Amino acid sequence: MSRSSHASKFAAPKRLPDGRLPLIGCNIDEITEFLAPHNVPSYRAKQIYHWIYQRGVTTFEAMSNVPKDLRASLDQEFSLARPEVARHQKSNDGTQKWLLKMPDGQLVEIVYIPEETRGTLCISSQVGCTLTCKFCHTGTQKLVRNLGAAEMLHQIMFARDMLDEWPKDGQPDRTLTNVVLMGMGEPLYNYENIRDAMRIAMDPDGLAISKRRITLSTSGVVPQIIQCGEELGLKLAVSLHAPNDALRSEIMPINNKYPINDLLNACAGYPDISEHNRVTFEYVMLDGVNDSIENAKELTQILKRLPSKVNIIPFNPWPGAEYTCTPMPRIKEFAKILERAGIPAPIRKTRGEDILAACGQLKTDSERAPR
Ligand code: SAH
Ligand code: SF4
């Protein structure tokens, strides 16, 4: 299937079931265009944009400097409604997971991970995933559809609602400081929507989250890694998980399309990569599969060619998984080999495991309806 027919087959619905258009997800030009038939001065679009993304209002009624009759007619045509919460869970370690119901009933999970110096929100880019990495729970759920730009912004804006982080008077200290595109789905298989959403997320007049605080994790879609570098420059994390093509293709079928050499070339060319701003590679520890001393040495060899860092992720189990996690002493040994070769290799602390909110454990019951 070509990229464009794939995009339309799996597209998010444009309108709500009641016929209104969600205004969230629209940039300033689109809002200006929508307002044109209302014959209002152009500064109104800026005001409305500010109310939506800087103040987080969920009704037109709350836009106190917009004329009352305009507010009422906007309400007829457009919506600012947030997704519904289908389930909310809180882990013993403070991690929270919400299952959000989109207007067409599709379910998407988001996870908020509070830490001492920052708070990270993990958002999803697709319902399900096209890819079938063998160690990943999401990979067992067929792609239902892509999320629209609006739905990705909704996930962040909903979290700000829950954490009460919209500025009232002046800028509060935010606890939600970082966003990671590491939830359900392969973000670079839904690149155009990611791009539209992240432009608004990064806009200082929009959600105002710095691009250095947004990380996109990909299984390695080479052409869009290059495009994302040129157009967005977000922080890049690449799911590597194996040091050679034979092993990587076995656990990540996408490697047959974009083998390691092409992938590392794309990473080496990513903008602003330096010793201080390394490409992050993710490496899940699968007992007896990719965790030998030999594997670690091979990894140091292939990563020599670019400034890199390896996030070592203990495998998170899920019902029906065919792998187990490498025991911790061996994970530490593996990390030490990388560190000795000058590659930082932090071992990621697993969060939210008791509520199946950890990496690779997200999956919803949504299924693709026959069309
Ligand atoms: N599709 C993207 C982003 C979502 S997955 C990607 O593959 O990068 C986020 C991270 O969790 C990826 O590094 C993924 O490989 C990892 N992951 C998947 N299943 C896992 C599991 N069961 N345990 C630990 N990490 C897992
Ligand atoms: Fe999809 Fe990422 Fe899971 Fe692979 S690891 S199946 S790309 S979500």
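Structure: see above.
Here goes a summary of the coordinates provided. Keep in mind it's a predicted model, so treat the numbers as computed, not measured. (Residues numbered from 1 in each chain as written. Chains lettered and ligands numbered in written order. Predicted model: local features only at pLDDT ≥ 70, side-chain atom pairs only at ≥ 80, totals over all residues. Heavy atoms only, no water.)

**Here's the deal with the packing of aromatic side chains**
Okay, so step 1: Counted according to the given criterion, the structure contains 5 aromatic pairs.
Okay, so step 2: Taking the centre distance of 5.1 Å and the plane angle of 35° together, the rings of Tyr283 and Phe334 count as tilted. In this pair, Tyr283 sits in strand E12 (residues 279–285) while Phe334 sits in helix H11 (residues 328–340), placing the two residues 51 residues apart along the sequence. Both residues of the pair, Tyr283 and Phe334, belong to the buried class.
Okay, so step 3: Measuring from ring centre to ring centre gives 6.2 Å for Phe315 and Tyr323, while their planes differ by 80°; the resulting arrangement is edge-to-face. (Phe/Tyr/Trp six-rings, centres within 6.5 Å; stacked < 30°, edge-to-face > 60°. Helix = DSSP H or I, 4+ residues; strand = E, 2+ residues; numbered from the N terminus. Buried < 20%, exposed > 50% of the residue type's maximum accessible area, 1.4 Å probe, protein only.)

**Some thoughts on helix H4 (residues 68–77)**
Okay, so step 1: Inspection of H4 places Leu70, Arg71 and Leu74 among the buried residues, and these make up the whole buried set. Along the axis of H4, the buried positions cluster into a sector of 100°, meaning they face one direction only. Facing away from the buried side of H4, by more than 90 degrees, are the exposed residues Lys68, Asp69 and Gln76.
Okay, so step 2: Against helix H2 (28–35), helix H3 (43–53) and strand E2 (78–79) lie the buried residues of H4. (Arc of directions from axis to C-beta. Contact = heavy atoms within 4.5 Å.)

**Structural notes on the site of ligand 1**
Okay, so step 1: If you check the shell around ligand 1, you find 20 residues, and the closest are Phe135, Gly185, Ser217, Ser239 and His241.
Okay, so step 2: One of the side-chain N or O atoms of Ser239 is found 2.6 Å from an oxygen atom in ligand 1.
Okay, so step 3: His241 has a polar side-chain atom sitting 2.5 Å from an oxygen atom of ligand 1.
Okay, so step 4: When ligand 1 is considered free in solution it has 530 Å² of accessible area, and contact with the protein chains removes 95% of it.
Okay, so step 5: Residue assignment for the shell around ligand 1 shows that the elements contributing at least two residues are strand E10 (214–218), E12 and strand E13 (308–314).
Okay, so step 6: In the shell around ligand 1, the residues fall into 9 nonpolar, 9 polar and 2 charged. (Near = heavy atom within 4 Å. Polar contact = N/O pair within 3.5 Å; in protein donor to acceptor, adjacent residues only side chain to side chain. Areas by Shrake-Rupley, 256 points an atom, 1.4 Å probe, with all protein chains shown as cover. Nonpolar A, V, L, I, M, F, W, Y, C, P; charged D, E, K, R; others polar.)

**Concerning the sheet that holds E13**
Okay, so step 1: Read from one edge to the other, the open sheet built from 9 strands follows the order E3-E4-E5-E6-E9-E10-E11-E12-E13, with strand pairing classed as mixed. The open sheet has two edge strands, strand E3 (84–90) and E13, and neither has a second partner. On average, each strand axis in the sheet is tilted by 20° relative to the strand beside it, whichever way the strands run.
Okay, so step 2: In the sheet, E10 pairs with strand E11 (residues 235–239) via 4 bridges, with the strands oriented parallel. From the neighbouring strand, Thr218 faces E11, where its bridge partner is Val238.
Okay, so step 3: Contacting strand E9 (178–181) and E10, helix H6 (residues 191–202) crosses the sheet at an angle of about 160° to E10. (Pairing = 2+ DSSP bridges. Axes fitted to C-alpha atoms, helices over the stretch in contact; angles between N-to-C directions.)

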